[in-house]
Amino acid sequence: MGNRRQLSLPFFFILAISYVSANLVHKRFEYKYSFKPPYLAQKDGSVPFWEYGGNAIASSDNVRIAPSLKSQKGAIWTKTPTSFEWWDVDIAFRVTGRGRIGADGLAFWFTQSKGAYDGEVFGSSDRWVGLGLFFDSFDNDNKHNNPYIMAVVNDGTKNFDHQNDGTTQAIAGCLRDFRNKPFPTRARIEYYQNILTVLFNNGMTNNEQDYEMCFRAENVYLPKNGYFGVSAATGGLADDHDVIHFLTNSLHQPGQFQQTQQVAGDEQQKLNKEYQDYQRKLEQQKADYRKEHPEAKPEESDDWFESDNQRELRQIFQGQSQIYEIIKELGRKLDEVVGRQERTMSLISQQSSGLASQAVPSAAPGQAPPPGGYGGDTIRRHEVDAMFNSQNQIMGVLNELKQAIVEVKGKGDAILMNQVKAPTAQVQAVGYDTQSLISELRDGLNQVKTSVHQVHQKLGTEGNCPKVSCVSMTSILVIVAVQLAIILGYNIYRDAKESQSKKFY
């Protein structure tokens with residue numbers, strides 16, 4: 001019994017390994033049904049092996065199926081139908097917009113025939129034959145279940161149910177948000193042995209393998225050969241619908257894959273044989289040309305191309321040439337700086353020599369030397385003293401004005417406080433205290449005018465000030481008068497308000 005158990009364990013392992021190997025799925029990348037950046041679109045705007053129309057725009061980085069404008073529709077379809085039955089598609093896209101709600105959405109298609117570029121169902125035709133996988137971002141049925149991903153299989157006889165967002169016709173779906181994500185959102189659609197599986201990457205991380213299950217539907221029957229397509233549409237609201245890449249892999253069973261590899265190997269041998277025949281014919285044509293033209297020298301193909309050493313020497317020479325030009329430019333600028341310095345030094349020396357020549361001339365006999373010793377352009381000592389004395393007097397006047405204003409303000413506040421404390425029920429337009437305040441303000445202003453007039457007389461008797469920039473007396477008086485008028489108006493306004501409020505007591 002022990003020997004039988006020991007023999008049975010390896011036997012079961014062999015069976016398990018053979019079962020797993022029999023169910024392996026072989027993938028093959030299909031470039032004729034794919035596109036990806038960079039250089040996604042050619043210079044003429046076309047996408048190899050694909051056709052697009054409507055409002056779709058192809059660039060080197062992505063295909064904008066529908067731009068963020070109202071009532072836009074576009075689609076892109078493969079030119080040829082598929083030659084394989086089972087497939088796996090990896091699609092990366094962005095749906096972005098400024099609004100909180102977007103419209104209408106994006107659609108992935110695998111249909112028996114190509115749809116329209118401005119159709120009614122997410123930019124493509126209605127009554128299709130095959131699969132439509134919809135990334136719906138607008139809530140038509142007002143059930144607050146969008147954005148939503150769902151799959152609808154149509155046999156060409158049913159119209160899409162727009163009022164209910166197609167939920168009555170969907171074979172499966174999931175509620176996922178794919179708008180305005182930091183990274184591109186990705187969907188992986190696999191159709192193998194009549195089983196449709198959709199995996200979704202929400203675009204919150206940069207991990208390309210961070211997929212989660214959206215749905216898995218069995219007994220899904222699609223056409224054996226069809227066209228791949230992507231479409232999008234906008235309505236009253238609008239989003240940018242960009243497809244970054246569309247990668248297609250064909251799925252094969254192990255035996256079928258070996259047959260496919262054998263067919264591909266036969267084709268490769270055939271192509272190699274044709275290439276060798278072409279090379280043989282080319283050599284024969286060269287030999288015939290040399291016989292007919294013996295005077296022509298044979299061209300060596302080695303001279304047509306640049307070797308690695310030649311390329312390196314050329315790059316070194318170009319770099320040295322650039323360095324030489326830069327050094328030459330720096331030398332020219334340095335010469336300009338030196339020339340400017342020399343001109344500046346010469347001007348300084350000329351100015352110093354001119355000042356020396358303007359020294360005090362010798363006094364004539366019988367005449368006193370000039371008082372200043374130099375020309376009349378410089379300021380004299382007594383003028384500086386007069387300017388300082390004038391500034392000190394102006395500062396004193398300003399301090400006196402400041403003290404007078406502070407005293408007037410203090411008296412006004414005291415009068416107002418007395419009015420508030422005095423109990424009275426009568427209301428007068430202008431009371432006794434206000435009359436006394438006006439008279440006191442008038443006396444204070446007269447005193448200020450008198451002091452300012454005295455200072456002005458003193459300044460006039462001592463002589464005119466040197467020509468300096470200072471504030472005039474008129475400006476100071478105007479400023480003081482304006483401040484006093486503002487204080488007086490504010491006190492009168494406050495008395496009127498207080499007298500009005502006393503009517504209610």
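To start, this report covers the structure provided alongside it. (Residues numbered from 1 in each chain as written. Predicted model: local features only at pLDDT ≥ 70, side-chain atom pairs only at ≥ 80, totals over all residues. Heavy atoms only, no water.)

1. Digging into the side chain of T78
Line of reasoning, step 1. Mapped onto the elements of the fold, T78 is located in strand β5 (residues 73-78).
Line of reasoning, step 2. With a relative accessible area of 0%, T78 lands in the buried category.
Line of reasoning, step 3. Within the local environment of T78, its side chain forms a polar contact with the backbone oxygen of T80, the two atoms lying 3.4 Å apart.
Line of reasoning, step 4. When sequence neighbours within four positions are dropped, the list of residues in contact with T78 reads Y33, F49, W50, K114, Y227 and F228. (Helix = DSSP H or I, 4+ residues; strand = E, 2+ residues; numbered from the N terminus. Buried < 20%, exposed > 50% of the residue type's maximum accessible area, 1.4 Å probe, protein only. Polar contact = N/O pair within 3.5 Å; in protein donor to acceptor, adjacent residues only side chain to side chain. Contact = heavy atoms within 4.5 Å.)

2. Things to note about unusual backbone geometry
Outside of glycine, negative phi angles account for most residues, and trans bonds account for most peptide bonds.
Line of reasoning, step 1. A cis amide bond links P37 to the next residue, P38, at an omega of -5°.
Line of reasoning, step 2. With respect to the helices, strands and loops of the structure, P38 is situated in the loop between β1 (26-29) and β2 (50-54).
Line of reasoning, step 3. Backbone torsion omega between N146 and P147 reads 0°, so that peptide bond is classified as cis.
Line of reasoning, step 4. The backbone of Y39 shows a phi angle near 55°, a positive value even though the residue is not glycine.
Line of reasoning, step 5. Position of Y39 among the secondary structure elements: in the loop between β1 and β2.

3. So, the state of the cysteines
Line of reasoning, step 1. Summed over the entire model, instances satisfying the criterion amount to 1 disulfide.
Line of reasoning, step 2. A sulfur-sulfur distance of 1.8 Å marks the disulfide that ties C174 to C214. Across the disulfide from C174 to C214, rotation about the S-S bond amounts to roughly -95°, and the bridge is consequently left-handed. With a gap of 40 residues between them, C174 in strand β10 (residues 172-175) and C214 in strand β13 (residues 212-217) connect regions that are remote in the sequence.
Line of reasoning, step 3. You can call C174 buried: its relative accessible area is 5%. (Disulfide = S-S within 2.5 Å.)

4. Describing the sheet that holds strand β9 (residues 148-155)
Line of reasoning, step 1. One open sheet accounts for 7 strands, arranged β2-β5-β14-β7-β8-β9-β10; its pairing is antiparallel. Each edge of the sheet is formed by a strand with only one pairing partner; in this case those strands are β2 and β10. Strand-to-strand twist of the sheet, defined as the mean angle between neighbouring strand axes without regard to direction, takes the value 15°.
Line of reasoning, step 2. Two strands pair when backbone bridges link them, and β9 and β10 are joined in this way by 4 bridges, in the antiparallel orientation. In the strand pairing of β10, Y148 is matched with L175. (Pairing = 2+ DSSP bridges. Axes fitted to C-alpha atoms, helices over the stretch in contact; angles between N-to-C directions.)

5. Details of the pattern of salt bridges
Line of reasoning, step 1. In the structure shown here, the tally under the stated rule is 14 salt bridges.
Line of reasoning, step 2. The closest approach of N and O atoms between K114 and E51, which form a salt bridge, is 2.9 Å. Note that K114 is positioned in the loop between β7 (105-111) and β8 (129-136) and E51 in strand β2, a separation of 63 residues in sequence.
Line of reasoning, step 3. A relative accessible area of 32% means that K114 is categorised as partly exposed.
Line of reasoning, step 4. Measuring nitrogen to oxygen at the nearest pair gives 2.8 Å for the salt bridge that ties R280 to D277. You can see R280 and its partner D277 sitting in helix α2 (residues 254-292), 3 residues apart, about one turn around the helix.
Line of reasoning, step 5. Here the salt bridges share partners, and the residues they tie into one network are K27, D88 and R188. (Salt bridge = Lys/Arg side-chain N within 4 Å of Asp/Glu carboxyl O.)

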